[in-house]
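In case you want the letters, here they are:
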Amino acid sequence: MSTSQQTFVIVGGGLAGAKAAEALRERGFGGRVVLIGAELTRPYERPPLSKGYLTGKAKLASVFVHDETFYAERSVELLTSTTVTGLGLADQTVHLSDGSTLRFDKALLATGAQPRQLTVPGAELAGVHYLRTVADADALIAAAGSATSVAVIGAGWIGSEIAASLRTRGLAVTLIEPSAVPLERVLGREVGEVYRDLHARHGVDLRLGEGVAALHGGRRVEEVLTTAGTRVGADLVVAGVGATPRTRLAAEAGLSVDDGVVTDEYLRTSHPNVYAAGDVARAWHPVFGARVRVEHWANALNQGPAAAANMLDAREPYTRVPYFFSDQYDLGMEYSGYCPDWDQVVFRGDPGAGGFIAFWLRDGVVAAAMNANVWDVSEHLRQLVRDRLRVPVEHLADPGVPVETLLAAPSGAMTEE
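Here's a quick rundown of the structure. Note that the structure is a prediction, hence the values are computed from the model and not measured.

1. Points about the pairing of strand 13 (residues 212–217)
Stage number 1. Inspection of the sheet shows strand 13 paired to strand 14 (residues 221–226) by five bridges, in the antiparallel sense. Each residue of the ladder has a partner; that of V212, found in strand 14, is T226.
Stage number 2. Between the end of strand 13 and the start of strand 14, which pair antiparallel, lie three residues.

Here it is, written out as structure tokens:
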């Protein structure tokens with residue numbers, strides 16, 4: 001069958017799905033492309049929701065992946081407000097919420113992730129918010145307009161960014177986190193202290209080392225009770241306690257699922273004609289020799305087109321080093337790498353002075369690096385991680401050694417065995 005007679009279905013109307021549809025057309029696929037999204041709007045990017053859009057500095061129009069005419073001009077059938085209720089592998093069909101069935105030759109699952117819900121008493125009270133969608137952001141902005149005090153639960157990336165954005169809007173913000181510092185799980189104690197001090201300087205009330213025991217109020221939330229017995233007054237609560245991949249559809253269909261939809265290095269699932277990309281994909285990464293699932297913008301941006309290429313039989317392994325960025329107050333950062341555990345953190349520059357680079361080492365190898373208010377080095381840092389070099393610590397720490405020269409494996413350095 002020629003490709004012009006084939007139907008490719010993309011399940012998930014976010015960034016990964018939209019970029020996959022774009023890539024299929026750019027690579028010359030002439031068949032039918034159907035992009036299915038559960039939300040009312042066309043595909044958009046999520047990072048602005050906790051940053052510029054939440055602070056009021058960015059308009060809604062700036063978050064969309066493509067303009068309104070893009071999909072029609074490229075003959076991409078965009079189905080909004082539509083849910084895929086079932087995936088049939090034997091007959092290669094998707095079942096839609098309107099009762100119809102659509103057959104596919106190849107399919108891409110880009111179903112993303114969903115916020116973890118609070119399970120403490122009072123979690124159902126009005127005034128408790130989560131942030132994942134444009135509708136969530138609009139509801140949060142409206143609530144912030146009349147709130148007097150905000151409690152943000154969770155100081156991971158989403159919680160920290162929400163706290164910074166709401167504080168920038170002038171609200172009184174309390175940030176509650178069971179770890180000793182913000183972002184400790186992903187960045188460790190040393191770099192987490194930078195974010196602790198950053199929020200403190202901007203007037204956030206930090207309740208670190210405290211979890212949430214309950215939310216109190218009548219019909220609306222009025223107070224957060226922490227595990228330390230602290231009572232935090234709040235008429236607006238935002239929970240940023242992580243996300244879980246949307247794997248129900250894949251699991252019910254019988255695809256391999258393990259903290260995400262399991263794929264090979266070509267983003268192909270356990271069924272040869274079904275692929276996965278973005279937040280939901282747990283893909284084999286040849287550079288790290290492990291299955292990796294990344295919930296960040298750049299992963300969706302790049303994995304969507306990579307999956308599209310392999311749906312067209314390109315057989316191009318996905319080897320990009322994970323990358324993400326965050327802007328909080330006056331501190332912008334870029335992080336490159338995959339480092340769930342490490343032996344040592346090396347700083348280049350003074351973290352307290354506003355600009356620095358941090359390197360995370362495992363067995364002497366640079367597994368991740370982060371540039372904070374230091375620009376035009378992120379590509380060099382990604383290559384350093386990708387090449388798996390052992391670089392002398394004194395060279396990593398020395399601002400006098402240009403970052404690009406670290407890639408040349410200076411004297412005393414050696415590649416990973």
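2. A short note on the sheet that holds strand 13
Within a sheet, adjacent strands bond to each other through the backbone by hydrogen bonds, running parallel or antiparallel.
Stage number 1. Pairing in this open sheet of three strands is antiparallel, and the strands run 13-14-15 from one edge to the other. In the strand order of this sheet, the two ends are held by strand 13 and strand 15 (231–233), each with one partner. Averaged over all neighbouring strand pairs, the angle between strand axes comes to 25°, with direction disregarded.
Stage number 2. Where strand 14 and strand 15 come together, three bridges link them in antiparallel fashion. Bridge pairing in strand 15 places E223 opposite G233.

3. Details of empty space enclosed by the protein
Stage number 1. Tallying each qualifying case throughout the model produces one cavity of 30 Å³ or more.
Stage number 2. In this structure, the largest cavity occupies an estimated 60 Å³ of space.
Stage number 3. What lines the largest cavity is A283, W284, H285, V292, V294, N299, Q303, Y318, R320 and P322.
Stage number 4. Secondary structure elements with two or more residues in the lining of the largest cavity: strand 20 (281–285) and helix 9 (297–311).
Stage number 5. Here the element with the most residues in the lining of the largest cavity is strand 20; it accounts for three residues.
Stage number 6. Each residue belonging to the lining of the largest cavity can be placed in one class, and the counts come to six nonpolar, three polar and one charged.

4. Digging into the pattern of salt bridges
Stage number 1. Considering all chains together, one arrives at 20 salt bridges under this definition.
Stage number 2. A salt bridge links E379 to R382; the nearest nitrogen and oxygen atoms lie 2.8 Å apart. With a gap of three residues between them, E379 and R382 both fall in helix 10 (residues 378–387), about one helical turn apart.
Stage number 3. By relative accessible area, R382 is classed as buried at 18%.
Stage number 4. Through salt bridges with shared partners, a single ionic network connects D259, R293 and E295.

5. As for helix 10
Note on helix geometry: an α-helix contains 3.6 residues per turn, so any two residues three or four positions apart are oriented the same way.
Stage number 1. Along helix 10, the residues classified as buried are S378, L381, R382, L384 and V385. Here the buried residues of helix 10 occupy an arc of 155° about the axis, which is enough to place them on one side.
Stage number 2. As for helix 10, its buried residues are in contact with strand 22 (323–328), strand 23 (331–337), strand 25 (356–362), strand 26 (365–372), strand 27 (389–390) and helix 11 (393–397).
Stage number 3. Directly after helix 10, the chain includes R388, whose backbone phi takes a positive value near 55°.

6. Examining the sheet that holds strand 18 (residues 261–263)
Stage number 1. Read across the open sheet, the three strands follow the order 18-20-21; overall the sheet is mixed. The two strands at the open ends of the sheet, each matched to only one other strand, are strand 18 and strand 21 (290–292). On average, each strand axis in the sheet is tilted by 30° relative to the strand beside it, whichever way the strands run.

7. What about unusual backbone geometry?
Stage number 1. We note that D363 has phi near 55°; this positive angle belongs to a residue other than glycine.
Stage number 2. Looking at where D363 falls in the secondary structure, it is placed in the loop between strand 25 and strand 26.
Stage number 3. Its identity is not glycine, yet D376 carries a phi of approximately 65°, on the positive side.
Stage number 4. Here D376 is to be found in the loop between strand 26 and helix 10.

8. Some points on the side chain of H199
Stage number 1. Tracing the sequence through the fold places H199 in helix 7 (residues 184–201).
Stage number 2. Taking relative accessible area as the criterion, H199 reaches 0% and is therefore assigned buried.
Stage number 3. Here the side chain of H199 touches Y329 through a polar contact of 3.0 Å, side chain to side chain.
Stage number 4. For H199, the contacting residues outside a window of four places in its chain are S160, A163, A164, L175, V204, L206, Q328 and Y329.

9. Some points on the layout of surface pockets
Stage number 1. Its volume calculated, the second largest pocket comes out at about 210 Å³.
Stage number 2. Lining the second largest pocket are 14 residues, and of these K51, T55, K57, D327 and Y329 lie nearest its centre.
Stage number 3. Elements that contribute at least two residues to the lining of the second largest pocket include exactly helix 2 (47–50), helix 3 (52–55), helix 6 (157–168) and strand 22.
Stage number 4. The biggest single contributor to the lining of the second largest pocket is helix 6, with four residues.
Stage number 5. Split into classes, the residues belonging to the lining of the second largest pocket amount to four nonpolar, six polar and four charged.

The rules behind the values
- Counting restarts for each chain: residues are numbered from 1 in the order of the written sequence.
- Only residues with pLDDT of at least 70 are given local features in this predicted model, and only at 80 or more are side-chain atom pairs given and counted; all residues enter the totals for whole chains, interfaces and linings.
- To get the side-chain values, take all heavy atoms of the structure and skip hydrogens and water.
- At least two DSSP bridges between two strands are needed for those strands to be called paired.
- Helix and strand definitions here come from DSSP, where helices need a minimum of 4 consecutive H or I residues and strands a minimum of 2 consecutive E residues; each element is numbered from the N-terminal end.
- Between N-to-C directions, angles span 0 to 180 degrees; the directions come from axes that are lines fitted to C-alpha atoms, helices contributing only their stretch in contact.
- Only protein atoms enter the calculation, which uses a 1 Å grid: trapped sets of points that fit a 1.4 Å probe without letting it out are cavities, open sets showing protein on both sides within 12 Å along at least five of seven lines are pockets, and any residue with an atom within 4 Å of a point is a lining residue.
- Grid points are joined across faces, edges and corners, and a volume is the space filled by probe spheres set on the points.
- Only Asp, Glu, Lys and Arg are considered charged, only Ala, Val, Leu, Ile, Met, Phe, Trp, Tyr, Cys and Pro nonpolar, and every remaining residue, Gly among them, polar.
- Criterion for a salt bridge: a side-chain nitrogen of Lys or Arg within 4 Å of a carboxyl oxygen of Asp or Glu.
- Residue burial is assigned from relative accessible area. The probe radius is 1.4 Å, only protein chains are included, and a residue is buried under 20% of its type maximum, exposed over 50%, and partly exposed in between.
- Regarding the arc, it is the one traced by the directions from the helix axis to the C-beta atoms.
- When checking whether two residues touch, look at their non-hydrogen atoms; a contact exists if any pair is within 4.5 Å.
- In protein, a polar contact means a hydrogen-donor-capable atom and an acceptor-capable atom, both N or O and within 3.5 Å, with residues adjacent in sequence counting only if both atoms are side-chain atoms; elsewhere, any N or O pair within 3.5 Å suffices.

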